[in-house]
Amino acid sequence: MSLDWLPQEPGPRPPRFERVGRLTGGCLRPGGLELTRELLALGAAHGPQPLGPVLDLGCGQGRSLRVLGHELGIACLGLDQSRTMAEESRVHASVPVLQAEARRVPLGTRSCGGVLCECVLSLAPAANKVANEVVDEIARVLRPGGVLMVSDLYARRHSKEPVTAPDGTHCCLDGALPEEQWRGLVESSGLNVKLWRDCSPALARLAAELIFAHGSLQDFWQALLPPGRACQAELRAKAVRPGYFFMIAKKR
Ligand SMILES: C[S@@+](CC[C@H](N)C(=O)[O-])C[C@H]1O[C@@H](n2cnc3c(N)ncnc32)[C@H](O)[C@@H]1O
């Protein structure tokens, strides 16, 4: 099972990141920093006072880290498996960024007041329990009362279609679980879901902007997904009707 559609080593980023980033202010997902600010405000309302330190798990280019550290003055650090992303994050946010795998976070148990996870969990396959391992690791680093703040894709319709591509690759659309499965995933790791909110208009807006900028829905999927996955993605999207959500969950 390959999770390596994102670049692991320094070098030019695939063009699809440039396309998405141009429309979202450097964020590699729907909603841009507006959604990040909203999610962080909800996390702060449910989380410990002060909220930090907050770990941005899968921090990408570090745009949210900049909001956390510079705009909100919250103690924070980032983590990304990609060396390219970790290096870019350090430059953008001027906070510590670890290059590591989300299943093995090199931080102490109960060391964080919050974990921010924007469009990362869907990249970990639920089918073979990788997503469970990532959420277990999040629960380990959160202190009791700490909050997990998630924004990600979800399936608005159940589908019996197989989620994994014939070549074994996994993409965010494969990891778009139905709401009850997302809830079950975090509850089974010792977190209580405090809030679930549909944010699908942000996904629709990004799709519309990409279609407007590049011409077709096929271009939209090509901009978001690894090479060769766009055709299959259209079929899966029709089957699951992807939406976007916020979830706040609190460590027991
Ligand atoms: C879709 S991008 C989102 C980036 C950022 N959170 C944002 O909102 O712009 C997903 C990020 O998660 C990272 N990532 C994916 N799976 C990961 C894993 N298992 N461990 C660490 N980082 C991971 C990728 O390298 C990428 O930077």
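Caption draft 1: Spatial organisation of the overall build of the chain. Within the chain one finds nine helices and eight strands. Sorting the 252 residues of the chain into buried and exposed places 48% on the buried side. Looking at the chain alone, contacts between residues at least 24 apart form 73% of all its contacts between residues at least 6 apart.

Caption draft 2: Fine view of the site of the ligand. Taken together, the neighbourhood of the ligand is formed by 20 residues, with G58, G60, Q81, A102 and E118 sitting nearest. Its residues placed into classes, the shell around the ligand shows ten nonpolar, five polar and five charged.

Caption draft 3: Local environment of the confidence of the model for the chain. Put simply, the chain has an average pLDDT of 87, and 88% of its residues get 70 or more. Of the regions scoring below 50 in pLDDT, residues 1-12 engages in 24 contacts with residues more than four places distant in sequence or in other chains.

Caption draft 4: Spotlight on the environment of E101. Position of E101 among the secondary structure elements: in the loop between strand 3 (97-99) and strand 4 (112-118). Judged by the 15 C-beta atoms lying within 10 Å of it, E101 falls in the partly exposed class. Once the C-alpha coordinates of E101 and L57 are considered, the two residues, 44 residues apart in sequence, prove to be 9.3 Å apart.

Caption draft 5: Just the environment of A127, in detail. Its place among the elements puts A127 in the loop between strand 4 and helix 5 (130-141). With 47 residues separating them in the primary sequence, A127 and D174 have C-alpha atoms 9.5 Å apart.

Caption draft 6: Focus on the nonpolar core. Ranked by size, the top nonpolar core spans 73 residues in total, and within it L57, V115, C117, I138, L148 and M149 carry the most contacts. In terms of residues, this core owes the most to one element, strand 5 (residues 142-155), which gives eight residues.

Caption draft 7: Representation of the pairing of strand 8 (residues 242-251) within the structure. In terms of residue burial, strand 8 counts as a mostly covered element, since ten of its ten residues are buried. What you see with strand 8 is no split at all: P242, Y244, F246, I248 and K250 on one side and G243, F245, M247, A249 and K251 on the other are buried throughout. The pairing of strand 5 with strand 8 spans nine bridges and is antiparallel. Bridging from a neighbouring strand, S151 pairs with F246 of strand 8. Sheet topology note: the strand 7 (residues 191-198)/strand 8 ladder contains seven bridges and is antiparallel. Counted as the bridge partner of L191 is K251 from strand 8.

Rules used throughout
- Residues numbered from 1 in each chain as written.
- Predicted model: local features only at pLDDT ≥ 70, side-chain atom pairs only at ≥ 80, totals over all residues.
- Helix = DSSP H or I, 4+ residues; strand = E, 2+ residues; numbered from the N terminus.
- Buried ≥ 20, exposed ≤ 12 C-beta atoms within 10 Å, placed from the backbone.
- Contact = placed C-beta atoms within 7 Å.
- Near = placed C-beta within 6 Å.
- Nonpolar A, V, L, I, M, F, W, Y, C, P; charged D, E, K, R; others polar.
- pLDDT = per-residue confidence, 0-100.
- Core = buried A, V, L, I, M, F, W, Y, C linked by C-beta atoms within 7 Å.
- Pairing = 2+ DSSP bridges.

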